[in-house]
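A look at the structure
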Amino acid sequence: MNPLINKLVQEAPVVTDGAWGTQLQNRGLKPGECPDAWNLQYPDHVLQVARAYIEAGSRIILTNTFRANRLALQGYGLAAKAMEINLRGAEISREAASGKAWIFGSIGPSGKILMTGDTTEDELREVFQEQAEGLLQGGADAIVTETMSDLTEAVIALEAARHTGLPVVASMVYDSGKEKDRTMMGITPEQAAEAFAEAGADVIGANCGQGIAGFLPICQRFHQSTELPIWIKANAGMPVLEDGRAVYQTDPDAFAQHVPSLVEAGATFVGGCCGTGPEYIR
């Protein structure tokens, strides 16, 4: 086991951070605006988010780089700034942590679909390696490939991240199927666990997609399928639109009540995804 992951496992359960996008929206990010670009445009606001999670007790914070791969950034005209955005994202989180937390660089999906020919495996490998290298140069301690639904893309991202030599968390999003236990592409926790272990993941798990109650059976199935540590970051329920904004309806107390059950089910790392904030982590 990687030394950093081994150290953290000995201290389990480890509290990670919560959402970044909704926190930036609270600071003025407009619908359709690129959150990752704020690393260059409004670094002080990004720093505020990171510091708020540190102050709330996060032992691990992510970076504001979820969509900062070149393919996703193309839609904003920012593809050429991918390396800079990732490097600054890691630097900002490291500045906020000041040695009080570990920095896990965030890599999200490309937004392109392999099976329809929107991209190729070689192209994905190249853009994820570029992103991972930027996070490494910015000072990340580990990398999280998160909110993945296509197992092939997820494994490519994992392998690209492993090229840095940093430990890697591989996390899928379970939001489909009758029991909400499959990804959009039909991948089960068991399939992901097997593929990620074979590809060399240090930690595996799930994030986003649904409220925290739905993560218990997913966590249990991961735990039954692997000896690797498990990473869980649930949404604050499912959003409803109010005045054009997504509002998440699970409050911090209700969210936190589920955490002991997740830890009992095998979760090593627990935090929040969409709709959660520092009060949830606290």
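For the structure, check the block above.
Worth saying up front: this structure is predicted, and the values here are computed from it rather than measured. Starting afresh in each chain, residues are numbered from 1 along the sequence in its written order. Reporting in this predicted model follows two pLDDT cut-offs: at least 70 for local features of residues, and 80 or more for side-chain atom pairs to be given and counted; totals over whole chains, interfaces and linings ignore these cut-offs and use all residues. Where side-chain values are given, they derive from all heavy atoms of the structure, hydrogens and water being excluded.

1. Comments concerning the sheet that holds strand β2 (residues 60–62)
Just so we agree on the cut-off: By this definition, two strands are paired if DSSP reports at least two bridges between them. Secondary structure is summarised from DSSP: a helix means a run of H or I of at least four residues, a strand means a run of E of at least two, and numbering begins at the N terminus for each. Contacts between residues were defined by any pair of non-hydrogen atoms, one from each residue, lying within 4.5 Å. All axes are obtained by fitting lines to C-alpha atoms, using only the stretch in contact for helices, and the reported angles, taken between N-to-C directions, cover 0 to 180 degrees.
In space, the 8 strands of this open sheet follow the order β1-β10-β7-β6-β5-β4-β3-β2, with parallel pairing throughout. If you trace the sheet from one side to the other, it starts and ends with β1 (14–15) and β2, each paired once. Across 5 bridges, the pairing between strand β7 (residues 230–235) and strand β10 (residues 267–272) is parallel. The partner of Ala234 across the bridge, within β10, is Gly272. Contacts from helix α7 (residues 121–138) reach β3 (102–107) and β4 (142–148), with the element oriented near 160° to β3. Docked against the sheet, helix α10 (residues 215–225) engages β6 (203–211), β7 and β10, running at close to 165° with respect to β6.

2. So, the pairing of β4
In summary, the side chains of a regular strand alternate between the two faces of the sheet. Under the convention used in this document: Only protein chains enter the accessibility calculation, which uses a 1.4 Å probe; a residue whose area is less than 20% of its type maximum is buried, one above 50% is exposed, and one in between is partly exposed. Assignment of crossover handedness uses the view with strands pointing away from the viewer, where a clockwise path from the first strand over the helix to the second indicates a right-handed crossover.
Taken across its 7 residues, β4 has 7 buried, putting it largely inside the fold. Sheet analysis places β3 next to β4, joined by 4 bridges and oriented parallel. Counted as the bridge partner of Gly105 is Ile143 from β4. Following the backbone out of β3, through α7 and into the adjacent parallel β4, one traces a crossover that is right-handed. With 4 bridges joining them, β4 and strand β5 (residues 168–172) adopt parallel strand pairing. The partner of Met148 across the bridge, within β5, is Met172. Read as a crossover between parallel neighbours, the route from β4 over helix α8 (residues 151–162) to β5 is right-handed.

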